[in-house]
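As a plain string of letters, each chain reads:
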Amino acid sequence: MKLSGMEISWEKLFRAFKHLFSKEGRNTIRRVVRHDLSVPLFMAQSGFSRSYIPDPASVIVEITNRCNLKCLMCVRRYWDTDANPLGEMSYEFFEKNILVHLKPYQHVNLQGVGESLISENFLPMLKACKKLGCWTTFITNGVSLKKYADLLVSIGVDEIKLSVDGTESMKKIRNISISKVTEAIDAVNEAKIKQNRKQPAICINYVLTRDTLPELPELIEIVSTRGISKIIVVHLIIHDAHLIEQSVIPIYSEAKAYFDTATAAAKRYGIDLELPPAPGSKCICYQPFRMIYINWYGDVRPCCMSTINEKGALLVGNLNDSTLPELWNNTYMHKLRKSLITEKEMAEMCVLCPMRVFSMEAHIHLLENGAKDAVGLPSK
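The structure contained in this document is the topic of the report that follows. Bear in mind that the values here come from a model prediction, so they are computed numbers and not experimental data.

## Details of the overall build of the protein
Looking only at helices and strands, one finds 15 helices and 12 strands in the protein. For 380 residues, the compact-globule estimate of 2.2 N^0.38 gives 21 Å, and the protein sits close to it at 22 Å. Put simply, the protein has 380 residues, and 51% of those count as buried. Of the accessible surface of the protein, which amounts to about 18200 Å², a share of 55% is contributed by carbon and sulfur atoms.

Shown next, in the form of structure tokens:
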């Protein structure tokens, strides 16, 4: 069939309509609508003392805060161990307090501060979410991924995000080699071919440091034939003074040459490369409008930066005391959302949050004043 000089494939047209009217297609539309309309919906109610947003578009569930690695930049190395005890969420708690409130169109990330694949509850929780119809993802360091590759593909996980930091630098930062990660990626791809499946998509989260910066183009070359759909590069969030010298923010202009090379390589191989914002950039944080974070013992938090108990951390409530729908639309969440829109009476954590303010001060704001003095920033 031809229309205005364009040839239209009936097969492609049929597939589009089939997807639109399938359960998966409808859930995709619902997920997009929930995500995109959350802020306008709140704005229409912002003058009220309480607002209502129907369901978070994304729910992050921390199955465990244990990990099988001790990466040099990870908050787990520097947190208050008494305030953040190690543990795992039971399947019974998950089923009673979280699963019953999930909707088939929601984005569910089964990942917290720890490594989900080391928990015996991870696969049962993943299966339950997929049975319900949720779009599922998780982040992994890749150590155990090869072992579970076939199972994960058969369960139908939609996306796997791998934490990768450089190439040679992986040995120093994570005490594992880049080959450990590429072997895991290959195992997932082999399972997809064997089971004739297109999912999961495989993405990479890349923490930018002065050591890993020159290795970014090399990593893209290494994964170029491995079906990586996206690489997300983020600035180093500094949890200890000795990491300050690793931040790329002070030398961002010098990093441009590496960014240009990496961008060209990513474009050549069809990989979506997301680089970190330039210093001085600022954005409005919409996380509390669209997502909720639940840690292993039921604490509910409004964003990815308030995942542990530390100075200034934001806490909405606990699922042992209130239900997820009650906490999602409580007075605390209304006030927090309003403060982010107006930038008035913001919580301490939000004022210099590295997710909304891209500066050196924001990326070390939880450190003691002495650390700020070391880089010439004003102390409180």
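Don't stop here, the text continues.
## Focus on the pairing of strand β8 (residues 228-235)
Alignment of strand β7 (residues 201-208) against β8, held across seven bridges, turns out to be parallel. In the sheet register, Y206 faces β8, and the bridge partner there is V233. With helix α8 (residues 216-223) bridging β7 and the parallel β8, this β-α-β connection has right-handed handedness. Bridge analysis of β8 against strand β9 (residues 272-274) gives three bridges, and the strand direction is parallel. If you follow I231 over to β9, its bridge partner there is L273. Chirality of the crossover, the property in question, places the unit of β8, helix α9 (residues 252-269) and β9 among those that are right-handed.

## Considerations on the environment of V59
Of note, V59 is situated in strand β3 (residues 58-61). When the C-alpha atoms of V59 and K180 are compared, they prove to be 29 Å apart, with 121 residues separating the residues in sequence. With residues near it in sequence (within four places) discarded, V59 still touches L102, Q106, H107, V108, N109, I292 and I294.

## Quick look at the nonpolar core
In this structure, M89, F94, L110, F122, L145, L152 and I231 are the most contacted members of the largest nonpolar core, which totals 97 residues. Looking at this core element by element, the count peaks at seven residues for helix α7 (residues 178-194). Residues contacting L145, with those up to four places away along its chain left out, are L117, F138, T140, L152, I160, L162, A184 and V188. Core analysis: the second largest hydrophobic core is formed by seven residues, I60, W79, M291 and I308 among them.

## Things to note about the environment of P200
Within the element layout of this structure, P200 appears in the loop between α7 and β7. If near-sequence neighbours (up to four positions away) are discounted, P200 is found in contact with V153, V157, D158, E159, I160, V188 and K192.

## A word on the side chain of N141
Mapped onto the elements of the fold, N141 is located in the loop between β5 (135-140) and α5 (145-155). A polar atom in the side chain of N141 sits 2.8 Å from the side chain of N68. Leaving out residues up to four positions away in the same chain, N141 has contacts with C67, N68, L69, E115, L162, S163, R174, I176 and V181.

## Some points on empty space enclosed by the protein
Unfilled space is identified by rolling a water-sized probe across the atoms. Under the counting rule described, the total for this entry stands at three cavities of 30 Å³ or more. Taken as a whole, the largest cavity encloses approximately 90 Å³ of empty space. As for the largest cavity, its lining consists of 14 residues, of which C285, C303, L314, C350 and C353 are closest to the centre. Elements that contribute at least two residues to the lining of the largest cavity include exactly α10 (287-290), α12 (331-342) and α13 (348-351). Considering only residue class, the lining of the largest cavity consists of 12 nonpolar, one polar and one charged. One number sums up the size of the second largest cavity: a volume of about 70 Å³. Of the residues that constitute the lining of the second largest cavity, the class distribution is six nonpolar, five polar and two charged.

Criteria and thresholds
Residues numbered from 1 in each chain as written. Predicted model: local features only at pLDDT ≥ 70, side-chain atom pairs only at ≥ 80, totals over all residues. Heavy atoms only, no water. Helix = DSSP H or I, 4+ residues; strand = E, 2+ residues; numbered from the N terminus. Rg over C-alpha atoms; globule rule 2.2 N^0.38 Å. Buried < 20%, exposed > 50% of the residue type's maximum accessible area, 1.4 Å probe, protein only. Areas by Shrake-Rupley, 256 points an atom, 1.4 Å probe, with all protein chains shown as cover. Pairing = 2+ DSSP bridges. Right-handed = clockwise from strand over helix to strand, strands pointing away. Contact = heavy atoms within 4.5 Å. Core = buried A, V, L, I, M, F, W, Y, C linked by side-chain atoms within 4.5 Å. Polar contact = N/O pair within 3.5 Å; in protein donor to acceptor, adjacent residues only side chain to side chain. 1 Å grid on protein atoms, 1.4 Å probe; cavity = no way out; pocket = protein on both sides within 12 Å on 5 of 7 lines; lining within 4 Å. Points joined across faces, edges and corners; volume = space filled by probe spheres on them. Nonpolar A, V, L, I, M, F, W, Y, C, P; charged D, E, K, R; others polar.

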